[in-house]
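Topology and contacts: notes
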Amino acid sequence: MGEVKTPRRMFLISIALIYVCAFSSIYVQIPGLYGDEGIVPVRLQMPKVQRPLLEQLEASPSLLWLGPSLGLGPQQALELICLLGVVLSLGAVLLAPLRDSLIYLCLWALYLSLYNVGGDFLQSEWDMLLLEAGFLAVLVAPLGLLRCGSSHRNHDSVTFWLTRWLFFRLTFCTGASKLASGDPAWYGLSALSHHFENQMSPTPLAWFVHQLPDWLLRLGAVAVLQCEITIPLMTFFSPIRRLRLFSFYVQLFLQLCHILTGNCGLLNLLSIALSVSLLDDEHFNSSAILKKKKGQEKKARACAQTLLCVLAVLSELAIYLFILISTVILFKLQINWENKTLSSKTNFSQKEFDELLKHFQGFTIWVGVLSFTWEAVAAMLMCVCTRGLVSKVWSLIQWAVITAAAVAIFALSVVPYTAMTGMSVLPEVRDAYSAVERYQLVGAYGIQHRVISTEGRPEIILEGSHDGLTWTEMNPMYKPGNVNAAPPIVGPYQPRLEQLLWQAAQEGNDQSPWFTGLIQRLLQGKPEVVSLLQVDEAQYPFSQKPPALIKAKLYNYHFTDPAKDKTHLQAWWRRKYKEEFFPIVTLGDPTLEKLLEESGLKEKFPKQPSSDTPVCQILSHIRGHVKGLSGSLVLSTLLATLVGIFLIKAVFSWASGGKKPRPASVDHKTKKPKEPSETVEKSHAASLSTRGGKKDSEERKVDSEKSPRKRK
């Protein structure tokens, strides 16, 4: 693989931008989720007995434990962590000097602090992925703040290879888990017929895609499985550059489809950020390609070199042909010319797939070992070729340290990677993984695959009442409720409460501590929690007076079908009552009190009064400006500001670039320095010519004065 300066820069900017989205999304929701009047107050997680700080950090690594020493309450400490994360990540996006290893280490530590105290609200797959990708950014980013001047690092390709390995694990495990879980929807290729309405946050476009013909949706399921299983296996670690480029654009197209139909989530953004590991500098620098082509044209190609080029092209065509043939055979693709359709059906069983997965997973690990060895050896040879003894020794030391760290990360990642098949791993590696597991350096992906429901999208509908006779629904902003309301556009904002409501409906679990806390706060009418459901008071039916009674029902939602539901042309959804999800409760109800006691949400110690330090005042001032605004609006404004700054920088760069003097031609740059004798001779000749020039001009002047026209 060639140089990776541009992809590495793109990866670092992307990770910083994702940190902006993650920290700002959590910051807006802190009062409702973790505040003193929130669903699960974070102060309940504070140690009841004071322990030494190092012991507390070792048990649960989080900067939250430093809050009391700074005079901050638990909620204010969380807000400070989020604001620091937003500021540092914004700086890394805008300023190249801040894309430093120390900055990314701080961002990783800040997000790890939130993750370890966030409970159920911060235990999603993309939170683990962001921590692992963020730690890789620490290794990929240059350590420029501790050295004078910047130089090319020969080991950059070694650390950047880890991002490709993470992207492979994420993509392959996501696809393999669909079949390894025995999901009948994926084996029957009917998954996409139910996926668009079952996903966490569908968009209005998902409704239109859901109306596509069944045979086309089945073909789409085949394409998804091939993009996530076969293509990564055949192309991610291929030595042929065009295959990696092909894989990049396939994965990019797949993620864009997910974003357009299921909103832009952090998982999609992280997948796109990791996919740039398949690129190199030649893909962006056209001048480098032209130079390479000119150099190749000047050199006479030997027979061996020509043979290698032919073999590479044949291998590439063979892989494309293999992907196509395997798709036709494994999924029995047949064209029906009469109906102009394409039928598909899986041609393998779950047992056959499980056996194949066990063999291929071990094979992929060895392919990864060979690919990593190639990158490490190539980087070492570049260090050996460095000029100067001191520079050579220093480059080799850096290479040894970075390669050792990369080997450790790769070995640790094997443990969660093999969890799907239960493949044996060295006990020493497993023990090392257990020792660092709380730091989330590596994660398992695709393990918690949820079987797609064919009965519709289960949704929890909260209802409140003042008298127990008239019940009114309390529909959240970011999930389906009203059947006539279009699916919301959420964007990169991550509504944590709606995410857990969706998961609870899928799992049918009403005993979660956070759900009991939600019911309690809604009965109390806490505005911090109400703002998580509806920011606009006009849209919340109990804005004037909290409900006296609350219950929860479970409905199955389906997208409407214009061909069948002709009586509900204005509706986006149709729903059917399934069962009661949570019984009718009121404040002081024994059932509710028992659930609160079991969940550990009963007040066990009084709230600590907030201090009046300058930091607390600044935090309160910022919170006052954000209060009353929806999270999507705050994040959209922040991202729009970033875009505006980039546009202004681009305009100034273009304007200043037009005033710069034209650079000298290549011929002038490549001229050899003149000899001293030659310089003296030319200067002497120049002086003579100058004198001669002056004499000639004087003679011409005299002649002009003697001319007839002048005399007249």
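Scroll up to find the structure this text is about.
Residues numbered from 1 in each chain as written. Predicted model: local features only at pLDDT ≥ 70, side-chain atom pairs only at ≥ 80, totals over all residues. Heavy atoms only, no water.

What follows deals with unusual backbone geometry. Its identity is not glycine, yet L189 carries a phi of approximately 60 degrees, on the positive side. Considering the arrangement of structural elements, one finds L189 in the loop between α7 (184-187) and α8 (191-198). Residue L189 is classed as buried on the basis of its relative accessible area of 0%. The phi dihedral of N263 is positive, around 65 degrees, even though this residue is not glycine. For N263, the location among the structural elements is in the loop between α11 (241-262) and α12 (266-275). (Helix = DSSP H or I, 4+ residues; strand = E, 2+ residues; numbered from the N terminus. Buried < 20%, exposed > 50% of the residue type's maximum accessible area, 1.4 Å probe, protein only.)

Attention now moves to the pairing of strand β5 (residues 549-559). Within β5, 9 of the 11 residues are buried, which leaves it mostly tucked inside the rest of the structure. One ladder, built from 9 bridges, connects strand β3 (residues 457-465) with β5; its direction is antiparallel. In the strand pairing of β5, S465 is matched with L549. Looking at chain direction, β5 and strand β6 (residues 573-585) are connected through 9 bridges and run antiparallel. Counted as the bridge partner of Y555 is Y577 from β6. (Pairing = 2+ DSSP bridges.)

What follows is about the packing of helix α19 (residues 513-524) against helix α21 (residues 590-599). At a minimum axis distance of 9 Å, the contact between α19 and α21 shows a crossing angle of 130 degrees. Classified by the interaxial angle, the pair formed by α19 and α21 is oblique. α19 and α21 meet at a crossing whose hand is left-handed. Taken together, the residues of α21 that come into contact with α19 (itself represented by P513, T516, I519, Q520 and L523) are L592, L595, L596 and S599. Looking at the contact of α19 with α21 residue by residue, the classes come out as 6 nonpolar, 3 polar and no charged. (Axes fitted to C-alpha atoms, helices over the stretch in contact; angles between N-to-C directions. Parallel < 35°, antiparallel > 145°, perpendicular 65-115°, else oblique. Left-handed = near helix turned anticlockwise from the far one by under 90°. Contact = heavy atoms within 4.5 Å. Nonpolar A, V, L, I, M, F, W, Y, C, P; charged D, E, K, R; others polar.)

Here we come to the pattern of salt bridges. All told, the structure shown has 17 salt bridges when counted by the stated rule. Measuring nitrogen to oxygen at the nearest pair gives 2.8 Å for the salt bridge that ties R169 to E132. Taken as a pair, R169 in helix α6 (residues 156-180) and E132 in helix α5 (residues 125-140) lie far apart in primary sequence, 37 residues in all. Just as R169 is buried, E132 falls in that class too. Its salt-bridge partner being E459, residue R457 comes within 2.5 Å of it at the nearest N-O pair. (Salt bridge = Lys/Arg side-chain N within 4 Å of Asp/Glu carboxyl O.)

Within the secondary structure layout, F168 lies in helix α6. Among the residues examined, F168 registers a relative accessible area of 1% and is labelled buried. For the pair F168 and F236, spaced 68 residues apart in sequence, the C-alpha separation works out to 7.0 Å. Setting aside its immediate chain neighbours within four residues, F168 contacts C173, P232, L233, F236, F237, T364 and Y417.

What follows is about the sheet that holds β3. As summarised here, the arrangement of the 4 strands in space is β4-β3-β5-β6, forming an open sheet in which the pairing is antiparallel. The sheet terminates laterally at β4 (472-474) and β6, the two strands that pair on one side only. With direction set aside, neighbouring strand axes in the sheet form an average angle of 35 degrees. The pairing of β3 with β4 spans 3 bridges and is classified as antiparallel. The partner of E463 across the bridge, within β4, is E473. Along the sheet face, α8 touches β3, β5 and β6 and points at about 145 degrees away from the line of β5.

Glancing now at the packing of helix α1 (residues 5-33) against helix α22 (residues 614-626). Where α1 contacts α22, the axes come no closer than 11 Å and their chain directions differ by 95 degrees. Classed by the angle they form, the pair α1 and α22 counts as roughly perpendicular. Taken together, the residues of α22 that come into contact with α1 (itself represented by Y27, V28, I30 and P31) are L619, I622, R623 and V626. Here the contact of α1 with α22 is built from residues that sort into 7 nonpolar, no polar and 1 charged.

Right, let's get into a nonpolar patch on the surface. On the surface, a cluster of nonpolar side chains totalling about 640 Å² of accessible area is made up of L307, L308, V310, L311, V313, L314 and L317. Locating V310 in the fold gives a position in helix α14 (residues 303-330). (Patch = residues over 30% accessible without salt bridge, like charges linked within 9 Å, V, L, I, M, F, W, Y side chains within 5 Å. Areas by Shrake-Rupley, 256 points an atom, 1.4 Å probe, with all protein chains shown as cover.)

On to the state of the cysteines, then. A full pass over the atoms with the stated rule returns 0 disulfides. C257 carries a free sulfur, and the closest cysteine sulfur to it, the one in C227, is 9.1 Å from it. Owing to a relative accessible area of 31%, C257 belongs among the partly exposed residues under this scheme. (Disulfide = S-S within 2.5 Å.)

The next point concerns the packing of aromatic side chains. In total, this model carries 37 aromatic pairs according to the counting rule given. Each ring, one from W161 and one from F410, has its centre 5.8 Å from the other, and the planes form 55 degrees; the classification is tilted. Of the two residues, W161 sits in helix α6 while F410 sits in helix α16 (residues 389-417), which places them 249 residues apart along the sequence. Note on F410: relative accessible area 9%, which makes it buried. Linked through ring pairs, W161, W165, F167, F168, F172, F236, F237, F372, F410 and Y417 together constitute an aromatic cluster. Here the guanidinium or amino end of K551 rests over the ring plane of W471, the centre of that ring lying 4.3 Å away. (Phe/Tyr/Trp six-rings, centres within 6.5 Å; stacked < 30°, edge-to-face > 60°. Lys NZ or Arg CZ within 6 Å of the ring centre and 35° of its normal.)

Along the chain, T230 turns up in helix α10 (residues 214-235). With residues up to four places along the chain from it excluded, the contact list for T230 reads L225, I323 and S326.

Quick look at α8 now. Among the 8 residues that make up α8, 7 are buried, leaving the element largely enclosed by the rest of the structure. Among all positions in α8, only A191, L192, S193, H194, F196, E197 and N198 are buried.

On to the environment of V40, then. Tracing the backbone shows V40 in the loop between α1 and α2 (53-59). If near-sequence neighbours (up to four positions away) are discounted, V40 is found in contact with L33, Y34, F121, W514 and L601.

Counting buried positions over the 10 residues of α12 gives 7, a clear majority of the element. Among all positions in α12, only L266, N268, L270, S271, A273, L274 and S275 are buried. On its buried face, α12 sits against α1, α5, α6 and α11.

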